[in-house]
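In case you want the letters, here they are:
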Amino acid sequence: MDFSLPESAQAVQRGVADICSRYDMAYWERCETEKRWPEEVWADLAKGGWLGLAVPEEYGGSGQGLLELAVATETLSASGSAGGSAFTYVLTPGFGAMTLSRHGTAEQKAALLPGLATGEIETCFALTEPDAGSNSLAISTFARQDGSDFVVNGQKIWITGVQRATWMLLVTRTIPAAEARPRTNGLTVFLVNVPEAVAAGQLSYRPIPKMGANTTPSNMVFIDELRVPASSVLGELHGGAAVLWDVLNPERILLGASALGGAEVALRTGVNYAKEREVFGRPIGANQAIAFPLAQVKAKIELARLMLYKAAWSFDNGLPCGTEANIAKLTASQAAWEAADAAFQTHGGMAYSLEYPVARLLTDARIGKIAPVTEELLLNYLATQVLGLPRSF
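In this numbering scheme, every chain counts its residues from 1 along its sequence in written order. Reporting of local features is limited, given that this is a predicted model, to residues whose pLDDT is at least 70; pairs of side-chain atoms are given and counted only at 80 or more, and all residues count toward the totals for whole chains, interfaces and linings. Values reported for side chains reflect all heavy atoms of the structure, with hydrogen atoms and water molecules removed beforehand.

Describing the nonpolar core
Inference 1: For this analysis, a nonpolar core means a set of buried residues of the types Ala, Val, Leu, Ile, Met, Phe, Trp, Tyr and Cys, connected via side-chain atoms within 4.5 Å. Only protein chains enter the calculation, and the probe is 1.4 Å; a residue is then buried if its accessible area is under 20% of its type maximum, exposed if over 50%, and partly exposed in between. Counting 99 residues, the largest nonpolar core has V16, Y89 and F125 as its most contacted members.
Inference 2: Working definition: helices are DSSP H or I runs of at least four residues, strands are E runs of at least two. Numbering for both runs from the N terminus. Counting residues per element, this core draws most heavily on helix α8 (residues 240-276), at 17 residues.
Inference 3: Of all hydrophobic cores here, the second largest spans 20 residues; its members include A143, A165, F190 and V233.

Here it is in structure tokens:
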């Protein structure tokens, strides 16, 4: 059993780290404060070819897998961006390139993958709805067939990155949930040209004010008589569940990787302060009350990383990875929160000062415990699906 990263992943790690070394913590603080996308980092990643990791070589990418994408996400996050910039890799390389490479038609791949490899085309993913929440099978956004087109109506919530997206992966019902047998039947995913739909007045969005992660806006999305051609179906009509699983598992792995990187930067911030800050004639890191929580976080980071890499490797090798993805997301997010909390406690009263990055790290770390799926639902999956405990509903 070989626990070393393959050379392909190590090359990604080095390449992304080299780009990230040009941007300090102050840069990421400015992006968050100004609520702006990290344009400079995005451009450098595109120029270096690091956005096309999941795009097959014949379309201009490097043909890598989810493991390499996870390593890139973790490296970017650990450089100082933390969880707030996770969507740099999740939105387009993850939601777009990886999903399209697996489920797109020849025509869809030829039209979109080259632009996804260069970053000229960006994507977002629209699943969650106000009433359905985490119960994805209960969505009500409906696409009815009208000749060779489909007409879609509905609402979505917490849809990140619509403002920049060229294409949206829109999850709909083409068979109502009450009529679907099994419940996973009747989901259909469409590729929607966002600028065209907005210009036609068929799609609109409203940003949701957020306490953090403001480098990328999240939105309410309103869909009104949106007309899309049948050629825009991604995967099979009524068979969108297969596409969905290939989105949701990678999403959990990539957001777990982002949390892991956030844990690393929070731990580094706490350790550096513990070494430098002197009280009663010695560094505060000499006190076990300070040192032990930081050491505990280090252990949890390393454990979470093992499961994260296993989950990504399993996905790349066509193995079941739902359990591994859930455990990786759960443990990485917990490590991120504990790391940020330990860094906050280490800084004492100075943690409240915005001269330090601790407040941002804490806010970003908190996201992982509720999004894209809550800790409770991850634990419920492990309890019922893995341990075989009785369901509560």
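After presenting the structure, the write-up continues.
Let's talk about unusual backbone geometry
Inference 1: For the bond running from R181 to P182, omega is -5 degrees, close enough to zero to count as cis.
Inference 2: With respect to the helices, strands and loops of the structure, P182 is situated in the loop between β4 (167-173) and β5 (187-193).
Inference 3: Cis geometry marks the peptide bond from A371 to P372; its omega dihedral reads 0 degrees.
Inference 4: Within the fold, P372 resides in the loop between α11 (358-367) and α12 (375-386).
Inference 5: The phi dihedral of K35 falls on the positive side, at around 55 degrees, and the residue is not glycine.
Inference 6: Relative to the helices and strands, K35 is located in the loop between α2 (25-34) and α3 (39-47).
Inference 7: Even without glycine at this site, W158 takes up a positive phi of about 60 degrees.
Inference 8: Within the fold, W158 resides in strand β3 (residues 149-160).

Regarding the packing of aromatic side chains
The description of two aromatic rings rests on the distance between their centres and on the angle between their planes.
Inference 1: In this scheme Phe, Tyr and Trp rings, the latter by its six-membered ring, pair at centre separations within 6.5 Å, and the angle between planes marks the pair as stacked below 30 degrees, edge-to-face above 60, and tilted otherwise. Under the criterion given, the structure shown has 7 aromatic pairs.
Inference 2: Look at F95 and F125: their rings are 5.1 Å apart centre to centre, the planes differ by 45 degrees, and that puts the pair in the tilted class. Taken together, the residues span a long stretch of sequence, with F95 in helix α5 (residues 87-103) and F125 in strand β1 (residues 123-126) at a distance of 30 residues. You'll find F95 and F125 in the same group, each marked buried.
Inference 3: Seen in terms of ring centroids, F344 and Y352 are 5.5 Å apart; in terms of plane orientation they differ by 75 degrees. Their pairing is edge-to-face.
Inference 4: Residue classification places Y352 among the exposed positions, given a relative accessible area of 69%.
Inference 5: It is R366 that lies over the ring of W337; its NZ or CZ is 5.5 Å from the centre. Geometrically, a lysine NZ or arginine CZ counts as sitting over a ring once it is within 6 Å of the ring centre and also within 35 degrees of the ring normal.

Here we look at the environment of S392
Inference 1: By secondary structure assignment, the location of S392 is in the segment after α12.
Inference 2: For the pair formed by S392 and G256, sequence separation is 136 residues and the distance between their alpha carbons is 27 Å.

Examining helix α1 (residues 7-20)
Inference 1: Multiplying one less than the number of residues by 1.5 Å gives the expected span of a helix. With 14 residues, α1 should cover 20 Å at 1.5 Å per step; its first-to-last C-alpha distance of 20 Å lies within 8% of that length.
Inference 2: Considered for burial, the residues of α1 that qualify are A9, V12, G15, V16, I19 and C20. All buried residues of α1 fall inside an arc of 135 degrees around its axis, so they share one side.
Inference 3: Two residues qualify as a contact provided that any one of their heavy atoms is within 4.5 Å of a heavy atom in the partner residue. Where the residues of α1 are buried, they touch α3, α4 (66-81) and α5. This arc corresponds to the set of directions leading from the helix axis out to the C-beta atoms.

Details of the pattern of salt bridges
Inference 1: Salt bridge criterion: a side-chain nitrogen from Lys or Arg within 4 Å of a carboxyl oxygen from Asp or Glu. One pass over the full model with this rule turns up 19 salt bridges.
Inference 2: Between D18 and R22 there is a salt bridge, with the nearest N and O atoms lying 3.3 Å from each other.
Inference 3: Residue classification places D18 among the partly exposed positions, given a relative accessible area of 45%.
Inference 4: One salt bridge connects D44 with R22, and the closest N-O pair in it is separated by 3.3 Å. A residue pair is termed long-range when its members are at least 10 positions apart, and D44 in helix α3 and R22 in the loop between α1 and α2 qualify at 22 residues.
Inference 5: Sharing partners across several salt bridges, the network here consists of E74, E264, K298, E302 and R305.

Remarks on the UniProt feature "domain: Acyl-CoA dehydrogenase/oxidase C-terminal" (unreviewed entry) in the protein
Inference 1: In the UniProt entry, the feature "domain: Acyl-CoA dehydrogenase/oxidase C-terminal" (unreviewed entry) is given for residues 240-386.
Inference 2: Within residues 240-386, the helical portion is 78% and the strand portion 3%, while the C-alpha atoms at the span's ends are 25 Å from each other. UniProt positions are given in the numbering used here, feature names are shortened, and annotations may be inferred rather than shown by experiment.

Focus on α5
Residues three or four positions apart in an α-helix share a direction because the helix packs 3.6 residues into each turn.
Inference 1: What the bend at a residue measures is the angle between two axes, fitted to the seven residues ending there and to the seven starting there. G94 marks where α5 bends most, by close to 30 degrees.
Inference 2: α5 sits mainly inside the fold: 16 of its 17 residues count as buried.

Things to note about the pairing of β1
Inference 1: The alternating pattern of β1 places T123 and F125 and C124 and A126 on opposite faces, both of which are buried.
Inference 2: We call two strands paired when DSSP finds no fewer than two bridges between them. When β1 meets β4, the two strands line up parallel, connected through 4 bridges. Paired with C124 across the strands is M168, a residue of β4.

Some thoughts on a nonpolar patch on the surface
Inference 1: Residues qualify for a patch when their relative accessible area is over 30% and they have no salt bridge, like charges being joined within 9 Å and the nonpolar side chains of Val, Leu, Ile, Met, Phe, Trp and Tyr within 5 Å. Each accessible area value is a Shrake-Rupley result obtained with a 1.4 Å probe; residue values ignore everything except the protein chains displayed when judging cover. Together, M1, F3, L303 and L306 make up a nonpolar patch on the protein surface, roughly 570 Å² of accessible area in all.
Inference 2: Examined against the element boundaries, L306 turns out to sit in helix α9 (residues 288-316).

What about the packing of helix α10 (residues 322-347) against α11?
Inference 1: Angles shown run from 0 to 180 degrees and are taken between the N-to-C directions of axes, each axis being a line fitted to C-alpha atoms and, for helices, limited to the stretch in contact. At a closest axis distance of 8 Å, the pairing of α10 and α11 adopts a crossing angle of 155 degrees. Relative to α11, α10 is oriented roughly antiparallel. In this structure, α10 meets α11 at a crossing whose hand is left-handed. For the pair α10 and α11, the contacting residues are A336, W337, A340, D341, A343, F344 and H347 in the first and V358, L361, L362, A365 and R366 in the second. Angle categories are assigned with fixed cut-offs, so that under 35 degrees is roughly parallel, over 145 is roughly antiparallel, 65 to 115 is roughly perpendicular, and the rest are oblique. In a left-handed crossing the near helix is turned counterclockwise from the far helix by less than a right angle, and in a right-handed crossing that turn is clockwise.

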